[in-house]
Amino acid sequence: MKFAFPSFSSAAAKKAVTSLDQRSKMMAYDQPLVWVVVLLMLFGMVMVYSASISLPDSPKYARYDNAHFVTRQAMFISVSLIAGLLAFRVRMETWQKLAPYLFVATLILLVLVLVPGVGKGVNGARRWLSFKVFNLQPSELMKLFVVLYAADYTVRKQQVMHKLTKGFMPMTLAIGFVGLLLLLEPDLGAFGVIVCIAMGILFLGGINGIWFGGIGATLVGIFSMVILLSPWRRERIFAYLNPWEEENALGKAYQLSHSLIAFGRGELFGVGLGGSVEKLHYLPEAHTDFLLAVIGEELGFVGVFVVIALFYWIIKRSFEIGRQAIAMDLTFAGLVAKGIGIWIGVQAFINMGVNLGLLPTKGLTLPLMSYGGSGVLINCIGLAILLRIDYENRVLMKGGRI
């Protein structure tokens with residue numbers, strides 16, 4: 001007796017294998033990283049709503065409704081996720097080619113911010129370009145593009161990184177020019193983050209230890225001189241050292257003192273979601289720079305610990321992805337991954353340090369969580385690039401092609 005088995009043509013079999021391989025590649029991304037990022041953004045949106053719900057009671061925001069800020073934050077997140085999906089589709093080879101041009105374009109935007117009638121000022125600082133529908137903050141763009149530029153520069157100059165004039169000095173001058181523009185806004189916090197990113201990538205790329213130590217000491221001196229020569233910055237430093245003195249508590253340390261009161265009220269488990277008192281016009285900018293203080297008051301130490309743990313996980317994963325890329329001779333991608341980890345880590349550390357009174361008050365938002373379109377957008381694009389690096393790592397480890 002003969003049995004007939006169904007047969008497939010070689011073309012059909014090849015097509016089926018190719019389709020399966022494509023589906024396998026599409027799933028080859030770091031799903032836990034995606035969920036952690038989405039969780040932080042959604043958690044941030046809830047806390048932005050809680051922190052801003054009472055703002056329309058004040059004359060400054062009287063024309064807004066209670067859901068104004070959370071609605072806009074939801075729109076920012078939606079647009080940012082779409083932008084992240086588009087950024088994920090761009091190959092790292094393309095990002096490397098675009099890096100110098102993106103850096104120069106952002107420098108031009110930083111110059112435009114300082115042009116009277118073009119840049120938009122808020123609370124005495126000129127940091128935004130108004131496009132009617134939204135305000136763009138070029139310093140946020142620079143945080144991402146300096147990661148790409150510094151990584152590309154390190155790869156291109158690998159053979160001369162130990163030399164002062166050919167390897168080290170050009171990058172120092174470029175970052176110095178960025179710093180000058182940011183100090184004119186003024187935005188010392190963004191300058192600090194960008195310097196840490198550039199120096200971190202240069203260090204990981206193998207810069208001469210003597211030059212690295214020298215520039216580190218020089219930067220400390222520059223920051224010290226900027227503070228000493230600026231009376232209001234100097235007053236803020238002194239107020240930070242003693243925030244409970246009556247004059248400081250009602251003046252330069254007003255935000256810090258109320259932030260510490262918020263953490264004190266929160267204790268271990270918090271007063272409950274929505275139960276914050278400090279957000280009721282006591283703590284200025286509670287939905288932006290001091291969002292962590294509201295989290296501490298409403299959700300207590302447990303809520304703050306969860307936020308810190310999630311940021312730690314993102315930073316740890318960034319360095320793991322970067323290390324894997326460098327192990328496969330993808331030096332640019334590896335440095336970008338680690339640079340993104342440095343960026344998110346430094347900015348989160350500064351924001352948390354300011355909220356907890358560990359650092360002087362500085363206007364830096366909490367990545368992914370604080371209210372603001374430019375910040376969330378650039379954070380999403382940066383983390384999408386990180387996911388792209390991980391995706392390319394996985395494809396290459398499976399023997400595939402990018």
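Read on for an overview of the structure. Along each chain, the written sequence defines residue order, and numbers are assigned to residues from 1. Local features in a predicted model are, by the rule used here, given only for residues with pLDDT of at least 70; side-chain atom pairs are given and counted only at 80 or more, and totals for whole chains, interfaces and linings are based on all residues. As a rule here, side-chain values cover all heavy atoms of the structure and leave hydrogens and water aside.

## A few points about the sheet that holds strand β1 (residues 119-122)
Any two strands with at least two DSSP-identified bridges between them are counted as paired. Helix and strand definitions follow DSSP, with helices as H or I runs of at least four residues and strands as E runs of at least two, each counted in order from the N terminus. A sheet is described by the order of its strands in space; here 3 strands give the open sequence β1-β2-β3, paired in antiparallel fashion. Every interior strand has two partners, whereas the edge strands, β1 and β3 (135-136), have only one. Alignment of strand β2 (residues 125-130) against β3, held across 2 bridges, turns out to be antiparallel. Across the sheet, S130 pairs through a bridge with N135, a residue of β3. Of the strands in this sheet, β1, β2 and β3 are in contact with helix α4 (residues 92-113), which crosses β2 at around 115 degrees. In what follows, a contact means two residues having at least one pair of non-hydrogen atoms within 4.5 Å. Here an angle of 0 to 180 degrees is reported between the N-to-C directions of two axes, which are lines fitted to C-alpha atoms, with helices fitted over the stretch in contact.

## Some words on unusual backbone geometry
Residue P186 is reached from E185 by a cis peptide bond, and omega for that bond is -5 degrees. On the secondary structure map, P186 appears in the loop between α6 (164-184) and α7 (188-204). Of note in this structure, E267 is not a glycine but carries a positive phi near 50 degrees. Along the chain, E267 turns up in the loop between α11 (254-266) and α12 (291-327). Of note, the phi angle at D329 is positive, near 65 degrees, even though the residue is not glycine.

## Describing the layout of surface pockets
To locate leftover empty space, one rolls a probe as large as a water molecule over the atoms. Estimates place the volume of the second largest pocket at around 620 Å³. Note on definitions: the grid is 1 Å and covers protein atoms alone; a cavity is a set of points where a 1.4 Å probe fits but cannot get out; a pocket is an open set with protein on both sides within 12 Å along at least five of seven lines; lining residues have an atom within 4 Å of a point. Around the second largest pocket sit 24 residues that line it, and V34, G84, L85, F88 and L387 are the ones nearest its centre. If you tally residues by element for the lining of the second largest pocket, the top one is helix α14 (residues 373-397), at 7 residues. Grid points are joined across faces, edges and corners, and a volume is the space filled by probe spheres set on the points.

## A word on the pairing of β2
Relative to β2, β1 is paired through 4 bridges, and the arrangement is antiparallel. Residue V122 lies in a different strand from β2, and its bridge partner there is A125. Adjacent in sequence and paired antiparallel, β2 and β3 are bridged by 4 residues, among which K132 carries a positive phi angle near 65 degrees.

## Quick notes on a nonpolar patch on the surface
The patch calculation keeps residues exceeding 30% relative accessible area without a salt bridge and links them within 9 Å when they carry like charges or within 5 Å when they are nonpolar (Val, Leu, Ile, Met, Phe, Trp, Tyr). Areas reported here follow the Shrake-Rupley algorithm with a probe of radius 1.4 Å; residue values treat only the protein chains shown as occluding. Basic side-chain nitrogens of Lys or Arg form a salt bridge, by our definition, when they fall within 4 Å of a carboxyl oxygen of Asp or Glu. Together, V104, I108, V111, L112, V115, V118, F177, L180 and L184 give the surface a local cluster of nonpolar side chains, amounting to about 730 Å² of exposed area. In terms of residue count, the dominant contributor to the nonpolar patch is α4 (4 residues). Following the sequence through the fold, I108 ends up in helix α4.

Functional significance is not addressed by these values, which are geometric in nature.
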